[in-house]
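Residue-level listing of the chains:
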Amino acid sequence: MTPDVSGRVAVITGASRGLGEGLAVYMAAAGMHLGLCARHRPNLVVATPSTAGDDHARSPEAPLQKAVDVTDHGALSRFAAAVVARFGRIDLWVNNAGVLEPIGPLAEADPRGLARNIQVNVTGVLHGSAVFARHVRARPGGGVLINISSGAATTPYAGWAAYCAAKAAVDQLTRVVALEEAAHGLAAYSVAPGVIDTDMQAQIRATDEADFPEVARFHQMAADGSFNSPAWVAAHLLAIAYGPERPAGVTVRLPAEPLGGRSR
């Protein structure tokens with residue numbers, strides 16, 4: 001069951017599509033106030049007290065939605081300040097923004113693409129984690145940081161050098177944040193959500209086998225429909241953050257969603 005999170009405030013980066021958009025839809029339905037950002041402005045429409053009929057108790061305010069590049073620390077900090085100005089505080093921060101490319105052998109990779117991957121996937125998470133940690137230190141009540149990782153953090157894939165390296169870095173930097181901020185009431189988790197059928201997965205399936213030798217496995221997953229849904233991931237994230245028992249460790253790998261329970 002999803003814990004009662006009505007009235008809590010969450011920030012989600014990379015919220016304009018894919019997993020980030022799915023998390024936003026689920027958390028809004030659970031009654032959370034949302035600050036949503038992405039490189040392109042998100043456009044989530046949620047039921048508000050003026051449009052939600054009689055069920056006002058679980059109807060959040062309209063989300064604050066901005067175009068923000070997570071590699072720009074100042075822009076991300078200003079966005080956080082705007083969320084606090086709107087909703088009073090931030091309880092949960094989800095660093096979800098990420099990119100997969102470049103795909104292919106490292107020896108043939110465009111250095112600019114490699115640099116961009118690390119800037120978004122690592123520097124962006126560093127910025128978001130730092131901004132949220134400062135916010136939590138400045139007010140009572142603690143907070144929960146969730147950084148979206150990947151199985152690629154621990155399993156090497158030929159063709160994904162930058163992505164694998166970046167997600168391994170996310171796991172380790174989250175462990176450091178957990179150590180540094182525990183005394184301030186900030187709990188930090190690095191969560192691998194499993195395989196979700198997003199634009200990133202479509203990009204993977206469109207890759208030539210010469211650049212990504214394991215592409216056939218992802219085609220088979222698509223044929224089988226063996227993906228985790230964003231709702232499944234969102235429910236687990238809220239359970240991690242606000243359930244009766246939090247995970248024992250910092251790195252968390254979500255289980256596969258039962259086929260019969262998946263949204264189609």
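What comes next is a walk through the structure. (Residues numbered from 1 in each chain as written. Predicted model: local features only at pLDDT ≥ 70, side-chain atom pairs only at ≥ 80, totals over all residues. Heavy atoms only, no water.)

**A word on the nonpolar core**
Counting 33 residues, the largest nonpolar core has L23, M27, L34 and L92 as the members making the most contacts within it. Broken down by secondary-structure element, the contributors of at least two residues to this core are β1 (9–13), α1 (18–29), β2 (33–38), β4 (92–95), β5 (143–148), β6 (186–192) and α7 (230–242). By residue number, the principal contributor to this core is α7, which donates 7 residues. Beyond its immediate chain neighbours, meaning those up to four positions away, L23 contacts I12, V94, P230, V233, A234 and L237. In terms of nonpolar packing, the next biggest core, distinct from the first, is built from 26 residues, A75, V131, A133 and A188 among them. (Core = buried A, V, L, I, M, F, W, Y, C linked by side-chain atoms within 4.5 Å. Buried < 20%, exposed > 50% of the residue type's maximum accessible area, 1.4 Å probe, protein only. Helix = DSSP H or I, 4+ residues; strand = E, 2+ residues; numbered from the N terminus. Contact = heavy atoms within 4.5 Å.)

**Quick word on the environment of A81**
Its place among the elements puts A81 in helix α2 (residues 73–87). Using a relative accessible area of 45% as the deciding quantity, one classes A81 as partly exposed. Residues A81 and V131 lie 50 residues apart in sequence; the distance between their C-alpha atoms is 9.5 Å.

**With respect to the pairing of β5**
Counting buried positions along β5 yields 6 of 6 residues, so the element is predominantly enclosed. Side chains G143, L145 and N147 project from β5 onto one buried face, and the interleaved V144, I146 and I148 project onto a second face that is buried too. You can see the chain leave β4, run along helix α3 (residues 111–137) and come back into β5, and the turn it takes is right-handed. Pairing of β5 with β6 involves 6 bridges; the strand directions are parallel. Across the sheet, the residue bridging to V144 is A187, located in β6. Following the chain from β5 across helix α4 (residues 161–181) to the adjacent parallel β6, one finds a crossover that is right-handed. (Right-handed = clockwise from strand over helix to strand, strands pointing away. Pairing = 2+ DSSP bridges.)

**Considerations on α3**
The first and last C-alpha atoms of α3 sit 37 Å apart over 27 residues, in line with the 39 Å expected at 1.5 Å per residue. At Q119, α3 is deflected by roughly 30°, the largest bend along its length. Two or three places before R112, at the opening of α3, D110 has a side-chain oxygen 3.0 Å from that residue's backbone nitrogen. (Expected span 1.5 Å × (residues − 1). Bend = angle between axes of the 7 residues up to and from the residue. Polar contact = N/O pair within 3.5 Å; in protein donor to acceptor, adjacent residues only side chain to side chain.)

**Things to note about the packing of α3 against α4**
Relative orientation of the contacting elements α3 and α4 amounts to 15°, with a least axis distance of 9 Å. Taken together, the axes of α3 and α4 lie roughly parallel to each other. Judged by the twist between their axes, the crossing of α3 over α4 is right-handed. Here L114, N117, I118, N121, V122, V125, L126, S129, A133 and R137 of α3 lie close against α4, whose contacting residues are A162, Y163, A166, A169, V170, L173, V177, E180 and E181. Here the residues of the contact of α3 with α4 sort into 13 nonpolar, 3 polar and 3 charged. (Axes fitted to C-alpha atoms, helices over the stretch in contact; angles between N-to-C directions. Parallel < 35°, antiparallel > 145°, perpendicular 65-115°, else oblique. Left-handed = near helix turned anticlockwise from the far one by under 90°. Nonpolar A, V, L, I, M, F, W, Y, C, P; charged D, E, K, R; others polar.)

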